[in-house]
Amino acid sequence: MIDLRSDTLTKPTEAMRKAMYAAEVGDAGRTDAAGRGEDPTVNRLEDLAARLMGKEAAMFVPSGNMGNLAALMTHCAAGQRVGVEKKLHVYHNEKAAFQARPGGLIPEFFETDDQSYPQFESIKTILNQKQIGLLCLESTHNYGGGNCLTRETIDSICELAKEKGVAVHLDGARIHNAALYLQTPVAELVAALDTVMFCLSKGLGAPVGSMLCGSDDFILEARKTRKFLGGTMRQAGILAAAGIVAIEQQRDRLIEDHQHARLLAERIADNRNIRLDMDSVQTNMVKLDVSPSGRDAQAFQEALESRGLKANAVSDRFIRLVTYREIGTDDILRAAEIINACCREF
Ligand SMILES: Cc1ncc(COP(=O)(O)O)c(C=O)c1O
């Protein structure tokens, strides 16, 4: 079975496992006035992440989900409005932020085009018409199929938000994929943003964890939100050690995943039973519109699985395929054959 459901399937490397075994640990939940815990490996990971992202501070959280949730709940008080679009992970999956408890935030939707790129005019409209506490972006865009926001786009949206005194948070679960695709140093890409969350546990391959990065004052407050959410960890250096290896050794490798996604897309693009926009194949995802086949995405997914390929139906029309470290060129060629065989049959 070839499994292209998600890069969350990436397993920790040998080097990560060794680093985890050897990690020096302490009580990360016992903090000083500056919010610094007693686990030296967690502190090292937080310093490394902050430096990498060009922000003053960073906080280790158990998941991307909690990183986003902690960001939203630290930026805003209950009852405040947050600019989002409907397909953002932050809105769709971090539901707790927009329910009465614990977040109590109110979503204020801006529009995107059909590639999931935010519409500047629509953002302008909600910023002008409503009292917004925070604006959220996502890059790479999960539902959009791994496409990236350029530095120019991020900067112009941040400039607009700043004119209104509104902070901007980026769900950058896969921001290192975007930085590679755009050939822009990640700290430059995120420079204008107030806060960024990125995941260690997707293509970077760590078993657990994400980083929330921002100013010293913001992260000090975010540590309180993390505690409120039950996310304070103790000898978390065992996990942070894998995160350090992920940052130091796995970022450049993501380019292989991008090449594999491109190869897969090229091998299947000619099928008349699917629709595939090659411009949207930028990082480690391929998003297929299977509606020309006359089947819905769920049926298409089942047909693929019966032939040995797992993929993810993300809506009635779309199937998402994601590449990661354990997927080699042979797997990609075989996956393309399976998709082509399925298309011939429909
Ligand atoms: C864009 C995006 N943000 C956040 C997350 C949440 O990360 P986690 O699974 O670590 O909670 C995901 C997970 O797939 C994601 O794709």
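Up top is the structure these notes are about.
Residues numbered from 1 in each chain as written. Predicted model: local features only at pLDDT ≥ 70, side-chain atom pairs only at ≥ 80, totals over all residues. Heavy atoms only, no water.

## Some points on the pattern of salt bridges
In this structure the tally under the stated criterion is 19 salt bridges. When the shortest N-O distance is used, the salt bridge between Asp7 and Arg174 registers 2.8 Å. Here Asp7 is found in the loop between strand S1 (2–3) and helix H1 (14–22), whereas its partner Arg174 is found in the loop between strand S6 (167–171) and helix H7 (175–182), with 167 residues between them in sequence. For Arg174, a relative accessible area of 5% translates into the label buried. Among the ionic pairs, Arg253 bridges to Asp257, the shortest N-O distance being 2.8 Å. For Arg253, a relative accessible area of 11% corresponds to the buried category. Through salt bridges with shared partners, a single ionic network connects Asp27, Arg30 and Arg234. (Salt bridge = Lys/Arg side-chain N within 4 Å of Asp/Glu carboxyl O. Helix = DSSP H or I, 4+ residues; strand = E, 2+ residues; numbered from the N terminus. Buried < 20%, exposed > 50% of the residue type's maximum accessible area, 1.4 Å probe, protein only.)

## Regarding the site of the ligand
Near the ligand lie 13 residues; those nearest to it are Gly64, Asn65, Asn142, Asp171 and Arg174. Here Gly64 contributes a backbone N or O atom positioned 2.8 Å from an oxygen atom of the ligand. For the ligand, a nitrogen atom lies 3.5 Å from a polar atom in the side chain of His89. In the complex, 83% of the free accessible area of the ligand, which totals 390 Å², lies under the protein chains. Broken down by element, the shell around the ligand gets its largest block of residues, three residues, from helix H3 (residues 64–75). Class assignment of the residues belonging to the shell around the ligand gives a composition of three nonpolar, six polar and four charged. (Near = heavy atom within 4 Å. Polar contact = N/O pair within 3.5 Å; in protein donor to acceptor, adjacent residues only side chain to side chain. Areas by Shrake-Rupley, 256 points an atom, 1.4 Å probe, with all protein chains shown as cover. Nonpolar A, V, L, I, M, F, W, Y, C, P; charged D, E, K, R; others polar.)

## Some points on the sheet that holds strand S8 (residues 210–214)
Strand order in this open sheet of seven strands is S2-S8-S7-S6-S5-S3-S4, and the pairing throughout is mixed. In this open sheet, the two strands that pair with only one neighbour each are strand S2 (57–61) and strand S4 (106–109). Taken over all neighbouring pairs, the strand axes of this sheet differ in orientation by 25° on average, direction set aside. (Pairing = 2+ DSSP bridges. Axes fitted to C-alpha atoms, helices over the stretch in contact; angles between N-to-C directions.)

## Structural notes on the sheet that holds strand S11 (residues 312–313)
Spatially, the three strands line up as an open sheet ordered S9-S12-S11, and their pairing is antiparallel. Of all the strands in the sheet, the pair left with one neighbour each is strand S9 (285–289) and S11. Relative to strand S12 (residues 318–322), S11 runs antiparallel, the two sharing two bridges. Counted as the bridge partner of Ala313 is Ile319 from S12. Along the sheet, helix H11 (residues 254–268) makes contact with S9 and S12, crossing S9 at roughly 25°. Contacts between helix H12 (residues 297–306) and the sheet are confined to S11 and S12, with S12 contributing the most and set at about 40° to the helix. (Contact = heavy atoms within 4.5 Å.)

From the geometry alone we can't say anything about function, so treat these as descriptive.
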